[in-house]
Amino acid sequence: MAEAGDSLSSEKGVTEKYKGKDASNGDTTFPSDVQKVIKTKPARKVKKPCLRGPSHGKVSQKRKASQLSMNEFDWTDTIKECPVYRPSKEEFEDPLVYVQKIAPEASKFGICKIVSPLGSSVPAGVALMKEQKRFKFTTKLQPLRLAEWNNNDKITFFMRGRNYTIRDFEIMANKATARKYCISGCLPPAYVEKEFWKEMVHAKKGMVEYGINIDGSAFSSTSTDPLGSSKWNFKILPRLRRSALRFLVNEIPGVTEPMLYIGMLFSMFAWHVEDHYLYSINYHHCGAAKNWYGVPGHAALQFENFIRRHVYNEEILSENGVDGVFNILQEKTTMASPKILLQYDVPVYKAVQMPGEFVITFPRAYHSGFSHGFNCGEAVNFAIGEWFLFGAAASERYALLGKAPIIPYEELLCAEAMLLSKSLARGPYCAADLNDVHCVMTSFSCLLRSYHHARWCLEKLKTSLRMCSKPQGSFTCILCKRLCYVAYIECKCYAGPVCLFHDYETFNCQCGSSCSLFVTEDISKMEAVAQMFEAEEGMHCEVEQKMKSEPYLWMHTSFPCIQGKYSPYCEIMPNNTQNNEATGIKISRIRRASAQGKQLAKEEDKKKKCYREPIELGNKNVSWERYAFQPQEIDTMEKKVSKT
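Residues numbered from 1 in each chain as written. Predicted model: local features only at pLDDT ≥ 70, side-chain atom pairs only at ≥ 80, totals over all residues. Heavy atoms only, no water.

A few points about the overall build of the chain
Along its length, the chain carries 17 helices and 22 strands. With 644 residues in all, the chain has 58% of them scored as buried. Look at the contacts in the chain between residues 6 or more apart in sequence, and 83% of them connect residues 24 or more apart. Total accessible area on the chain stands at roughly 27,700 Å², and carbon and sulfur atoms take up 50% of it. (Helix = DSSP H or I, 4+ residues; strand = E, 2+ residues; numbered from the N terminus. Buried < 20%, exposed > 50% of the residue type's maximum accessible area, 1.4 Å probe, protein only. Contact = heavy atoms within 4.5 Å. Areas by Shrake-Rupley, 256 points an atom, 1.4 Å probe, with all protein chains shown as cover.)

As structure tokens, this is what we get:
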């Protein structure tokens with residue numbers, strides 16, 4: 001790792017004029033209509049700045065080919081390896097339980113590798129052809145170079161428009177490797193890693209092909225297949241009972257439905273985080289190894305600041321600061337050398353994934369990598385309880401950028417929390433669930449507090465506000481695209497629903513009595529559960545601290561004219577009671593939310609004393625496993641609760 005004050009050479013690569021295909025490279029020639037010639041630039045020395053300084057120089061990662069040697073890439077040997085886990089067959093029984101077990105250690109590295117104790121008896125190609133007869137896919141072309149990332153030089157992955165069978169792609173990929181190294185077999189991983197970065201730094205016109213985001217799965221559904229019949233089959237993993245994604249009604253390709261990734265030598269996946277900062281799990285079905293690089297979630301902001309200051313030019317950013325960086329990174333076309341990241345003290349870890357191995361990426365962990373030759377991998381997302389804190393941050397960022405969400409975060413959190421409250425009534429949770437339960441309770445309490453405070457502000461601001469019963473489901477805010485599940489506003493000033501987390505000017509409209517606040521019918525029950533969660537030992541202080549350190553977009557922060565002092569879960573008395581009754585909302589239930597919460601907490605305490613010890617977040621001597629209910633049981637339980 002470079003010390004502060006070290007200088008970095010910053011010479012741009014000089015490209016030669018090529019004719020046709022570079023046979024020594026074995027790379028596909030880039031179409032002539034999109035070829036670019038990299039202009040030369042005098043060399044300059046860039047002194048490593050302090051990351052906290054007011055201005056920072058942009059670092060070029062390119063070099064002249066004549067000045068390169070393999071010794072220059074010895075830095076690849078200094079990158080620390082991520083943790084590798086080898087579970088027994090008993091530990092391998094439930095993937096989410098196992099991830100939950102290793103997460104406290106593994107999440108510090110951003111990525112980890114799990115070596116499967118089970119193998120597949122059905123080859124990936126056979127499984128694919130069984131599921132999809134005449135299986136074919138289209139590749140994308142990827143330039144083998146590092147961009148300058150200004151208006152004149154960006155990286156784009158172009159569609160080639162050519163369909164391959166998996167066998168045809170394998171033949172093409174093996175020929176490309178053989179032309180370059182006179183062998184189509186596996187090369188030493190350390191050697192291939194150096195070769196990859198040498199190719200990228202050369203800044204030639206070489207291209208590779210990559211089958212990205214291909215619908216389908218290579219996991220077998222045969223009952224006799226040990227791996228395919230396990231819970232690690234990606235067709236069922238996202239909807240296991242510990243995954244919050246099980247509540248989703250519709251399938252989402254790439255999130256709840258797996259996707260395939262079929263690569264060749266130097267096919268790459270650029271730096272990115274998963275949608276909504278979800279977990280991802282990746283399985284290597286067959287073929288050559290795959291290199292992974294990971295930056296842990298706690299260093300995500302540090303990584304984004306590095307990209308903003310030293311990789312991107314400000315002219316290409318659509319938004320100021322790291323949010324503009326996030327927008328471009330999500331296009332998944334930005335490659336940056338781990339060497340430069342390490343020189344600027346951004347933590348990076350790596351893994352070499354072989355067939356039969358899983359790689360887990362943790363919430364908000366940036367990751368990238370490349371293939372060592374022809375291979376076939378598969379990936380899907382999941383979300384355990386710990387994710388909800390990250391999901392809240394992702395939802396806020398999406399809303400700030402006006403980025404359409406893929407999953408309804410609020411709806412998933414509310415479903416998980418309400419189910420958890422029913423589970424806790426039956427018994428304490430087990431020690432393994434301690435952190436997940438804590439995260440669900442904290443996230444839900446923060447969300448409900450934020451909505452309650454926003455409703456209180458609206459009631460003070462709009463004296464003629466009508467309260468209405470919100471239909472089932474989530475509704476998209478027309479201003480920021482947030483998916484609103486708990487409440488939203490409609491008025492004549494806007495063409496659709498508006499979420500409650502906007503500034504004073506948004507709601508200081510002249511629509512008068514035509515403004516309606518739509519609130520879920522379960523609001524009083526949800527607020528009572530939130531208060532019950534906060535009654536747990538230490539939880540109230542945790543929620544208070546969370547709201548101060550990472551506040552939601554509270555309306556009161558930009559509402560200077562609102563009079564009165566707010567207290568959490570205080571009574572909210574809408575003025576237009578008649579209209580509320582006409583729409584079917586029971587205002588008395590909403591006004592009694594605070595009292596219900598206290599009474600519910602008292603009743604729960606009595607039940608606890610009857611047959612078990614009180615639930616405490618610090619109590620690890622518990623044996624009951626939460627999530628005892630399946631998703632389809634929720635409606636039945638809701639009916640039973642409503643009757644009581």
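Observations regarding helix H6 (residues 321-329)
With seven of nine residues buried, H6 lies mostly within the body of the structure. Those residues of H6 that sit buried are Val322, Asp323, Gly324, Val325, Phe326, Ile328 and Leu329. For H6, the secondary structure elements touched by its buried residues are strand S11 (268-272), helix H5 (300-310), strand S16 (366-371) and helix H8 (387-401).

Remarks on empty space enclosed by the protein
To locate leftover empty space, one rolls a probe as large as a water molecule over the atoms. In the structure shown here, the tally under the stated rule is six cavities of 30 Å³ or more. Contributing to the lining of the largest cavity are 18 residues, with Ser395, Tyr409, Glu410, Arg482 and Leu483 lying nearest its centre. Put simply, the parts of the chain that give the lining of the largest cavity at least two residues each are H8 and helix H9 (409-426). Per-element tally for the lining of the largest cavity: the top contributor is H8, with five residues. (1 Å grid on protein atoms, 1.4 Å probe; cavity = no way out; pocket = protein on both sides within 12 Å on 5 of 7 lines; lining within 4 Å. Points joined across faces, edges and corners; volume = space filled by probe spheres on them.)

Some remarks on the packing of H9 against helix H12 (residues 523-534)
For the pair H9 and H12, interaxial distance at closest approach is 10 Å and the crossing angle is 60 degrees. The hand of the H9/H12 crossing is left-handed. Here Cys414, Ala417, Met418, Leu420, Ser421 and Leu424 of H9 come into contact with H12, specifically with Lys525, Met526, Val529, Met532 and Phe533. In terms of residue class, the contact of H9 with H12 is made up of nine nonpolar, one polar and one charged. (Axes fitted to C-alpha atoms, helices over the stretch in contact; angles between N-to-C directions. Left-handed = near helix turned anticlockwise from the far one by under 90°. Nonpolar A, V, L, I, M, F, W, Y, C, P; charged D, E, K, R; others polar.)

Section: the sheet that holds strand S4 (residues 80-81)
For sheets, the rule is that strands pair by backbone hydrogen bonds, running either parallel or antiparallel. Pairing within the open sheet is mixed, and its five strands lie in the order S4-S14-S13-S16-S11. Unpaired on one side and paired on the other, S4 and S11 mark the two borders of the sheet. Judged from the two bridges that link them, S4 and strand S14 (residues 349-353) form a sheet pairing that is parallel. By the bridge assignment, glutamate 81 is partnered in S14 with lysine 350. On the sheet, helix H4 (residues 189-202) packs against S11, strand S13 (290-295), S14 and S16 and is oriented at approximately 100 degrees with respect to S16. (Pairing = 2+ DSSP bridges.)

Quick look at the sheet that holds strand S18 (residues 466-469)
As summarised here, the arrangement of the three strands in space is S18-S22-S21, forming an open sheet in which the pairing is mixed. The sheet is open, and its two edges are formed by S18 and strand S21 (487-490), each paired on a single side. Here the average twist between neighbouring strands, direction ignored, is 30 degrees.

Considerations on the pairing of S13
Two faces, one strand: in a regular strand the side chains alternate between the faces of the sheet. With six of six residues buried, S13 is to be regarded as a mostly interior element. Of the two faces of S13, the one holding Lys290, Trp292 and Gly294 and the one holding Asn291, Tyr293 and Val295 are both buried throughout. One ladder, built from five bridges, connects S13 with S14; its direction is antiparallel. Bridging across to S14, tyrosine 293 finds its partner in lysine 350. Where S13 and S16 come together, six bridges link them in antiparallel fashion. Counterpart to asparagine 291 in the pairing with S16 is phenylalanine 370.

Brief notes about helix H1 (residues 95-106)
If you check H1, its first and last C-alpha atoms are just 14 Å apart, much less than what 12 residues at 1.5 Å a residue would give, namely 16 Å. Listed in full, the buried residues belonging to H1 are Pro95, Leu96, Tyr98, Val99, Gln100, Ile102, Ala103 and Ala106. On its buried face, H1 sits against strand S5 (84-85), strand S6 (111-115), strand S12 (279-287), strand S15 (357-361), strand S17 (375-382) and helix H10 (434-461). Measuring from the side-chain oxygen of the N-cap residue of H1 to the backbone nitrogen of leucine 96 gives 3.0 Å; that N-cap residue is aspartate 94. (Expected span 1.5 Å × (residues − 1). Polar contact = N/O pair within 3.5 Å; in protein donor to acceptor, adjacent residues only side chain to side chain.)

Overview of the nonpolar core
Counting residues in hydrophobic clusters, the biggest one holds 92 residues, and the most contacted among them are Phe358 and Phe444. Take this core: its biggest share by element is 11 residues, from H10. Apart from the residues within four sequence positions on either side, phenylalanine 444 is in contact with Leu413, Cys414, Ala417, Met418, Met526, Val529, Ala530 and Phe533. Counting 69 residues, the second largest nonpolar core, distinct from the first, contains Leu144, Ala299, Ile307 and Leu317. (Core = buried A, V, L, I, M, F, W, Y, C linked by side-chain atoms within 4.5 Å.)

Side note on the packing of aromatic side chains
For the structure on display, the rule yields 37 aromatic pairs. Measuring from centroid to centroid gives 4.9 Å for tyrosine 451 and phenylalanine 501, while their planes differ by 65 degrees, and the two rings are edge-to-face. Taken together, the residues tyrosine 451 in helix H10 and phenylalanine 501 in the loop between S21 and helix H11 (504-507) connect sequence positions 50 residues apart. Note on accessibility: tyrosine 451 and phenylalanine 501 belong to one class, buried. Connected via pairs of aromatic rings, a cluster forms that spans Trp75, Phe196, Trp197, Phe266, Tyr293 and Phe370. The ring of tyrosine 398 has lysine 403 sitting right over it, with the charged end atom 5.4 Å from the ring centre. Over the ring of tyrosine 485 we find lysine 470; its NZ or CZ atom is 4.9 Å from the centre of that ring. (Phe/Tyr/Trp six-rings, centres within 6.5 Å; stacked < 30°, edge-to-face > 60°. Lys NZ or Arg CZ within 6 Å of the ring centre and 35° of its normal.)

Focus: the pairing of strand S9 (residues 206-215)
Of all 10 residues that make up S9, seven are buried, and the element is covered over most of its length. Relative to S9, strand S7 (residues 137-143) runs antiparallel, the two sharing four bridges. Across the sheet, glutamine 142 pairs through a bridge with valine 208, a residue of S9. Here S9 pairs with strand S10 (residues 259-263) via three bridges, running antiparallel. Opposite aspartate 215, over in S10, you have methionine 259 as the bridge partner.

Structural notes on the state of the cysteines
Applying the stated criterion to the full structure yields zero disulfides. With no disulfide of its own, cysteine 484 lies 4.9 Å from the sulfur of cysteine 499, the closest cysteine sulfur. (Disulfide = S-S within 2.5 Å.)

Some points on the pattern of salt bridges
Counted by the stated rule, this structure contains 19 salt bridges. With its nearest N and O atoms 3.8 Å apart, the salt bridge here joins lysine 231 to aspartate 94. With a gap of 137 residues between them, lysine 231 in the loop between S9 and S10 and aspartate 94 in the loop between S5 and H1 connect regions that are remote in the sequence. A salt bridge links glutamate 304 to arginine 397, with the shortest nitrogen-to-oxygen separation between them at 2.8 Å. With glutamate 304 in helix H5 and arginine 397 in helix H8, this pair connects stretches of sequence that are 93 residues apart. One exposure class covers both glutamate 304 and arginine 397, and it is buried. A network of salt bridges, in which partner residues are shared, links Glu304, Asp323 and Arg397. (Salt bridge = Lys/Arg side-chain N within 4 Å of Asp/Glu carboxyl O.)

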